[in-house]
2 protein chains.
Amino acid sequence: MTQTSDGPVTKLTVRPPGRPRSERADRAIIEATVDLLAEEGGVAGVSIEAVAARAAVGKTTIYRRWPNKEALIIDALAALKEPFPVPVGDSVRDDLVAIARAFMTDKSDKKRLDCYWSIMSGAERYPELIARFNREVIEPRRDVIRRVLRRGIESGELRADLDVEVTLWLIMGAVAHRARAWGAGPVPDDFPGKVIDALLAGIGTN
Amino acid sequence: MTQTSDGPVTKLTVRPPGRPRSERADRAIIEATVDLLAEEGGVAGVSIEAVAARAAVGKTTIYRRWPNKEALIIDALAALKEPFPVPVGDSVRDDLVAIARAFMTDKSDKKRLDCYWSIMSGAERYPELIARFNREVIEPRRDVIRRVLRRGIESGELRADLDVEVTLWLIMGAVAHRARAWGAGPVPDDFPGKVIDALLAGIGTN
């Protein structure tokens, strides 16, 4: 029996195994979009028709949730990002390590990487799409890091004169660059912790 | 008159304007290879024939210098890298800033970026090429940084307990990641200096 939310009639309902139908369809749609982005080499290879066919849904199902191709691609790209941890709020060091870990793109996930490379190499062809993705997905993630850094300044764990933006790039860059480096091998599990601890300690002697 | 190096006869020689013929040909060959890598989307699009045609040289001219396509591609990829500065040897801080600056890929150089993205997205198809490029081009550059860091430890400018590898990724990653970031705008000229100074000072208070 399916769960219904219509009206006051109480029915004996049994939740079907798995996710509700619309969630399954949404996941299929997003996966189909990611696949097409990766296979077809970018944005031009994606159409609502092609996504609908690949996801085995009707186009109206897609339009119910995404008003246009751009919105769908934004969500597909967002789905490729490693979810950001919610800062626990105790140790700033531990929160930064957890965040740094989110930048360790798994190089074995070829589809995801192909997708990103193809988007990036064509980014200048779709400036509005990229700007929107930046605004809706990327910058909010960076804001999480900025807030943790500011919290650390307030709590006295971090220097009051630290440069938030530069620190942001040091954290994100060290892990992201290492994770994508050719021939550098898999990233050791303790790498994010070592990055944050090195940054906390500093390398100078003055 | 052309300069000749045959025999003992002294001729009045005038060096032609510009570079010697072989250097010009080599530059044309490398440029043609880069162009083809960028346009054809990767290694498969490059053949000695195609390079010869694009560079307007004979294939023998290419083979005189490069024994095979792999060697040529390695040099072409190397030509895309920003030349590394030779460390001056005084202030470790200044040497690190100059090195960090070399990671500020100019995003306006679209050809260069297209080339890199296409190689990277296909890297797993050419593991030997990538391994060789890593060995011959990338690791020596990283060794320059490692030597500067060790020099700093010896001189007392840097902490004796610093982690050379982690510091390497902090330096390279912060600038490279920032330079390629979508929507983050051009990299300010003082960014490499700020990165190194932040790293020297550390962000913690303990």
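Residues numbered from 1 in each chain as written. Chains lettered and ligands numbered in written order. Predicted model: local features only at pLDDT ≥ 70, side-chain atom pairs only at ≥ 80, totals over all residues. Heavy atoms only, no water.

In the annotation of an unreviewed UniProt entry, the entry for chain A reads TetR family transcriptional regulator, and the organism field reads Actinoallomurus bryophytorum.

## A short note on the overall build of chain A
Let me state the cut-off plainly: Helix and strand definitions here come from DSSP, where helices need a minimum of 4 consecutive H or I residues and strands a minimum of 2 consecutive E residues; each element is numbered from the N-terminal end. Each residue's exposure class comes from its accessible area (1.4 Å probe, protein chains only) as a fraction of the maximum for that residue type: buried when under 20%, exposed when over 50%, partly exposed otherwise. By definition in these notes, contact holds between two residues if any of their heavy atoms fall within 4.5 Å. Residue-level accessible areas treat just the shown protein chains as cover; the underlying method is Shrake-Rupley with a 1.4 Å probe.
Across its full length, chain A carries nine helices and zero strands. Counting every position in chain A, which comprises 206 residues, the buried fraction comes to 46%. Within chain A, contacts between residues at least 6 apart in sequence are counted, and of these 62% link residues at least 24 apart. With an accessible surface of roughly 10600 Å², chain A has 52% of that area assigned to carbon and sulfur atoms.

## Examining the relation of the copies chain B and chain A
Rules: When the copies are superposed, the least-squares fit draws on C-alpha atoms of residues that have pLDDT of at least 70 in both.
Superposing chain B onto chain A takes a rotation of 180° plus a shift of 0.0 Å along the axis, which leaves an RMSD of 0.0 Å. On the angle and the small slide along the axis, the relation comes out as a two-fold axis. Of the C-alpha atoms belonging to chain B, the one lying closest to the rotation axis is found on B:Gly202, 1.7 Å away. Looking at chain B, 100% of its interface residues are interface residues in chain A too, so the copies touch through the same face.

## Things to note about helix H8 (residues 164-180) of chain B
Residue and element names in this part refer to chain B. We apply this condition: A helix is expected to span 1.5 Å for every residue after the first. The angle separating two fitted axes, one through the seven residues that finish at a residue and one through the seven that start at it, defines the bend at that residue. Any pair of nitrogen or oxygen atoms within 3.5 Å is treated as a polar contact; in protein, a donor-acceptor pairing is required on top of that, and neighbouring residues in sequence qualify only through side-chain atoms on both sides.
A rise of 1.5 Å per residue sets the reference length of H8, with its 17 residues, at 24 Å; its end C-alpha atoms lie 24 Å apart and thus fit the reference within 8%. The largest bend in H8 comes to about 25°, at Gly173. Of all 17 residues that make up H8, 15 are buried, and the element is covered over most of its length. Where H8 begins, the capping side chain belongs to Asp163, and its oxygen is found 3.2 Å from the backbone nitrogen of Glu165.

## Section: the interface of chain B and chain A
Rules: In short, buried area is how much 1.4 Å probe accessible area vanishes from two parts on joining, totalled over both. When a carboxyl oxygen of Asp or Glu is within 4 Å of a side-chain nitrogen of Lys or Arg, the pair counts as a salt bridge. Gly is placed with the polar residues, together with every amino acid not listed as nonpolar (Ala, Val, Leu, Ile, Met, Phe, Trp, Tyr, Cys and Pro) or charged (Asp, Glu, Lys and Arg).
Of the residues lining the interface, 44 residues belong to chain B; the matching set on chain A comes to 44 residues. Contact with chain A buries area across many residues of chain B, yet B:Trp169, B:Trp182 and B:Ile203 alone supply 23% of it, more than any other trio. Our count for the chain B to chain A interface comes out at zero salt bridges. Taken together, chain B and chain A are joined by 14 residue pairs in polar contact (both at pLDDT 80 or more). For the side of chain B that touches chain A, the secondary structure elements donating two or more residues are helix H6 (110-121), helix H7 (127-155), H8 and helix H9 (191-201) of chain B. Sort the elements by how many residues they give to the side of chain B that touches chain A and H8(B) lands first, with 11 residues. Within the side of chain B that touches chain A, the residues separate by chemical class into 24 nonpolar, 10 polar and 10 charged.

## Points about the packing of aromatic side chains
Residue and element names in this part refer to chain A. In plain terms, the rule: Only Phe, Tyr and Trp rings take part, Trp by its six-membered ring, and two of them pair if their centres are within 6.5 Å. Stacked means planes under 30 degrees apart, edge-to-face means over 60, and tilted covers everything else.
Under the definition given, this model contains two aromatic pairs over all chains. Taking 5.7 Å as the distance between ring centres and 75° as the angle between the ring planes, the aromatic pair formed by Phe84 and Phe103 counts as edge-to-face. You can see Phe84 sitting in the loop between helix H4 (69-80) and helix H5 (92-101) and its partner Phe103 sitting in the loop between H5 and helix H6 (110-121), a full 19 residues away along the chain. Owing to a relative accessible area of 17%, Phe84 belongs among the buried residues under this scheme. Of the residues examined, Phe103 reaches a relative accessible area of 11% and is grouped as buried.

## Topic: the domain arrangement of chain A
Residues and elements named next belong to chain A. The line we're drawing: Each domain's extent is set by a domain assignment, obtained either automatically or from a database.
Domain assignment breaks chain A into domain 1 (23-79) and domain 2 (83-203). Across the boundary between the two partners, domain 1 contributes 14 residues, which contact 13 residues of domain 2. Both sides of the domain 1 and domain 2 interface together cover about 1400 Å² of buried area, and 73% of this is carbon and sulfur. Its largest share of buried area at the contact with domain 2, domain 1 owes to Glu70, Ile74 and Leu77, together 43% of the area lost on that side. Across the contact surface, domain 1 and domain 2 share one salt bridge.

## Considering the side chain of A:Asn134
Following the sequence through the fold, A:Asn134 ends up in helix H7 (residues 127-155). Ignoring anything within four residues of it in the chain, the contact list for A:Asn134 reads A:Glu139, A:Pro140, B:Trp182 and B:Gly183.

## What about H4(A)?
Over its 12 residues, H4(A) extends 17 Å from the first C-alpha to the last, a length consistent with the 16 Å expected when each residue adds 1.5 Å. Three or more residues of H4(A) are buried, namely A:Ala71, A:Leu72, A:Ile73, A:Ile74, A:Ala76, A:Leu77 and A:Leu80.

## Some details on the environment of B:Gly152
Residues and elements named next belong to chain B. Structurally, the position occupied by Gly152 is in helix H7. Note on Gly152: relative accessible area 0%, which makes it buried. Taking C-alpha positions, Gly152 is 8.5 Å from Ser91, a pair spaced 61 residues apart along the chain. With residues up to four places along the chain from it excluded, the contact list for Gly152 reads Val92, Glu157 and Leu158.

## A closer look at the UniProt feature "DNA-binding region" (unreviewed entry) in chain A
Basically, it comes down to this: UniProt positions are given in the numbering used here, feature names are shortened, and annotations may be inferred rather than shown by experiment.
The feature "DNA-binding region" (unreviewed entry), as given by UniProt, occupies residues 47-66 of chain A in the numbering adopted here. Here residues 47-66 of chain A is 75% helix and 0% strand, with 12 Å between the C-alpha atoms at its ends.

## Points about unusual backbone geometry
All names here are of chain A. One non-glycine residue, Ala56, adopts positive backbone phi at about 55°. Position of Ala56 among the secondary structure elements: in the loop between helix H2 (48-55) and helix H3 (59-65). Judged by its relative accessible area of 68%, Ala56 is exposed.

## Regarding the packing of H5(A) against H7(A)
All names here are of chain A. Heads up, the rule is: Axis geometry follows a simple rule: fit a line to the C-alpha atoms, using only the stretch in contact for helices, then measure angles between N-to-C directions, giving values from 0 to 180 degrees. Working rule for angles: under 35 degrees goes down as roughly parallel, over 145 as roughly antiparallel, 65 to 115 as roughly perpendicular, anything else as oblique. Handedness of each helix crossing follows the sense of rotation of the near helix against the far helix: counterclockwise by less than a right angle gives left-handed, clockwise gives right-handed.
At a minimum axis separation of 10 Å, H5 and H7 run at an interaxial angle of 165°. When the interaxial angle is binned, H5 and H7 end up roughly antiparallel. Seen from above, H5 lies across H7 with left-handed handedness. Side by side, H5 and H7 meet where Val92, Asp95, Leu96 and Ile99 of the first sit next to Val144, Ile145, Val148, Leu149, Arg151 and Gly152 of the second. Here the residues of the contact of H5 with H7 sort into seven nonpolar, one polar and two charged.

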